[in-house]
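A closer look at the structure
Listed here are the chains, written in short residue letters.
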Amino acid sequence: MASIRIRGAKEEDCGEILKLIRELAEYEKLSDQVKISEEALRADGFGENPFYHCLVAEILPAPGELQGPCIVGYGLYYFIYSTWKGRNVYLEDIYVMPEHRGQGIGSKIIKKVAEVALDKGCSQFRLAVLDWNQKAIDLYKALGAQDLTEAEGWHSFRFEEEVMKKLAGR
Ligand SMILES: CC(C)(COP(=O)(O)OP(=O)(O)OC[C@H]1O[C@@H](n2cnc3c(N)ncnc32)[C@H](O)[C@@H]1OP(=O)(O)O)[C@@H](O)C(=O)NCCC(=O)NCCS
């Protein structure tokens, strides 16, 4: 069986990550919302004060194989803050290419995020999932996550840029 490595993304991975971001948005039936560019991903993830961090999952070539490692999934996260619990991690995206699903890669990414979060002194790690994505919901629950909508009734809200401008008087 091919071996999988989870590693921190490098700036030069941004093109590949953008391709996977688009695939995830398509899976989520929300492709029209993807406005991000490779340049923005490079600037925002790899500057002096990165806005996000990213892990990539890659398949390593077997000894003697000529092709290099191949990125088949990613997990993109950033640090947030809870006034109740302090340091938190938010996993914005997790995605594994269809032909590589069901082999433990997604779970490996989640375990790595948990490891990074603990290393940074975080006491929680959060994410959101669409209500119809039962397979992902089942996976998160199987790994021990709590459904906050079910347990506490939270709804997720978003102010779009136009609304923000109105609010800010711009
Ligand atoms: C969710 C996802 C990241 C899990 O990655 P993975 O590598 O398939 O996960 P693992 O192999 O560690 O875990 C497999 C489990 O995930 C489940 N799973 C979740 N979504 C799945 C999917 N779309 N296809 C196949 N299996 C999926 C399987 O049911 C499996 O459970 P089982 O082991 O009890 O059979 C991956 O399936 C994926 O990218 N799905 C599409 C995008 C998505 O839903 N992202 C999450 C958005 S919140």
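Residue positions are given per chain, counted from 1 along the sequence in the order it is written. Residue-level local features of this predicted model are given only where pLDDT is at least 70; pairs of side-chain atoms are given and counted only at 80 or more, and the full residue set underlies all totals for whole chains, interfaces and linings. To obtain the side-chain values, all non-hydrogen atoms of the structure were included, while hydrogens and water were left out.

Quick word on helix α6 (residues 161-168)
Partly exposed residues are those whose accessible area sits between 20% and 50% of the maximum for their type, while under 20% is buried and over 50% is exposed, using a 1.4 Å probe and protein chains only. Secondary structure follows DSSP: runs of H or I at least 4 residues long count as helices, runs of E at least 2 residues long count as strands, and numbering of each begins at the N terminus. In terms of residue burial, α6 counts as a barely covered element, since only 0 of its 8 residues are buried. Backbone geometry just after α6 places Gly 169 at a positive phi near 70°.

Description of the domain arrangement of the protein
Note: domain ranges come from an automatic or database domain assignment. For the protein, the assigned domains read domain 1 (3-127) and domain 2 (137-170). Each of domain 1 and domain 2 has a C-alpha centre, and the two are 19 Å apart. In what follows, residue pairs with any heavy atoms lying within 4.5 Å of each other are defined as contacts. Across the boundary between the two partners, domain 1 contributes 8 residues, which contact 6 residues of domain 2. Summing both sides of the interface, domain 1 and domain 2 together bury roughly 530 Å²; the carbon and sulfur share of this comes to 73%. Among the residues of domain 1 in contact with domain 2, Ser 107, Ile 110 and Leu 127 are the three that bury the most area, contributing 49% of the side total. What makes a salt bridge here is a side-chain nitrogen of Lys or Arg within 4 Å of a carboxyl oxygen of Asp or Glu, nothing more. At the junction of domain 1 with domain 2, the criterion picks out 0 salt bridges. Two N or O atoms count as a polar contact when they lie within 3.5 Å, although within protein this holds only if one can serve as hydrogen donor and the other as acceptor, and sequence-adjacent residues are included solely when both atoms are side-chain atoms. In this structure, the connection of domain 1 to domain 2 is made through 0 residue pairs in polar contact (both at pLDDT 80 or more). Where the side of domain 1 that touches domain 2 is concerned, the elements lending two or more residues are α3 (105-119) and β5 (124-127). Under the convention adopted here, Pro, Cys and the residues Ala, Val, Leu, Ile, Met, Phe, Trp and Tyr are nonpolar, Asp, Glu, Lys and Arg are charged, and Gly plus all remaining residues are polar. Along the lines of polarity and charge, the residues of the side of domain 1 that touches domain 2 split into 4 nonpolar, 2 polar and 2 charged. Summed over both partners, the accessible area (1.4 Å probe) lost when two parts come together is defined as the buried area.

Let's talk about the UniProt feature "domain: N-acetyltransferase" (unreviewed entry) in the protein
Under the local residue numbering, the UniProt record ascribes the feature "domain: N-acetyltransferase" (unreviewed entry) to residues 4-169. Each end of residues 4-169 is marked by a C-alpha atom, and these two atoms are 50 Å apart; helix forms 36% of the span and strand 25%. UniProt positions are given in the numbering used here, feature names are shortened, and annotations may be inferred rather than shown by experiment.

A short note on the side chain of Ser 107
The topology assignment puts Ser 107 in helix α3. Exposure remark for Ser 107: the relative accessible area of 17% places this residue in the buried category. Setting aside residues no more than four positions away along its own chain, Ser 107 makes contact with Leu 139 and Leu 143.

Some remarks on the environment of Leu 143
On the secondary structure map, Leu 143 appears in the loop between α4 (134-142) and α5 (148-152). Of the residues examined, Leu 143 reaches a relative accessible area of 37% and is grouped as partly exposed. Considering only alpha carbons, one finds Leu 143 and Ile 59, 84 residues apart in sequence, at a separation of 23 Å. Every residue in contact with Leu 143, bar those within four places of it in the chain, is listed here: Ser 107, Ile 110 and Lys 111.

As for the pattern of salt bridges
For the structure on display, the rule yields 10 salt bridges. The residue Arg 42 makes a salt bridge to Glu 11 at a minimum N-O spacing of 3.5 Å. Taken together, the residues Arg 42 in helix α2 (residues 38-46) and Glu 11 in the loop between β1 (3-8) and α1 (14-27) connect sequence positions 31 residues apart. Judged by its relative accessible area of 29%, Arg 42 is partly exposed.

Examining the sheet that holds strand β2 (residues 53-60)
Two strands qualify as a pair provided DSSP detects at least 2 bridges between them. The mixed open sheet is built from 5 strands, whose spatial order is β1-β2-β3-β4-β5. The open sheet has two edge strands with one neighbour each: β1 and β5. Here the average twist between neighbouring strands, direction ignored, is 25°. The pairing of β1 with β2 spans 6 bridges and is classified as antiparallel. When the sheet's bridge partners are listed, Ser 3 is paired in β2 with Leu 60. Sheet contacts for α3: β1, β2, β3 (70-82), β4 (86-96) and β5; angle to β4, the most-contacted strand, approximately 160°. Note on geometry: axes are lines fitted to C-alpha atoms, helical ones only across the stretch in contact, with angles between N-to-C directions running from 0 to 180 degrees.

Thoughts on the site of the ligand
Around the ligand, a shell composed of 20 residues is seen, among which Val 96, Gly 104, Gly 106, Ser 107 and Asn 133 lie nearest. Within the backbone of Val 96, one N or O atom sits 2.8 Å away from an oxygen atom of the ligand. With respect to the ligand, the backbone of Gly 102 contributes an N or O atom lying 2.9 Å from an oxygen atom. Here the ligand loses 75% of its free accessible area of 840 Å² to cover by the protein chains. Elements that contribute at least two residues to the shell around the ligand include exactly α1, β4, α3 and α4. Whether a residue is near a molecule or strand depends on its heavy atoms: it is near if one of them lies within 4 Å of it. Only the protein chains shown count as cover for residues, and all accessible areas are computed by the Shrake-Rupley method using a 1.4 Å probe.

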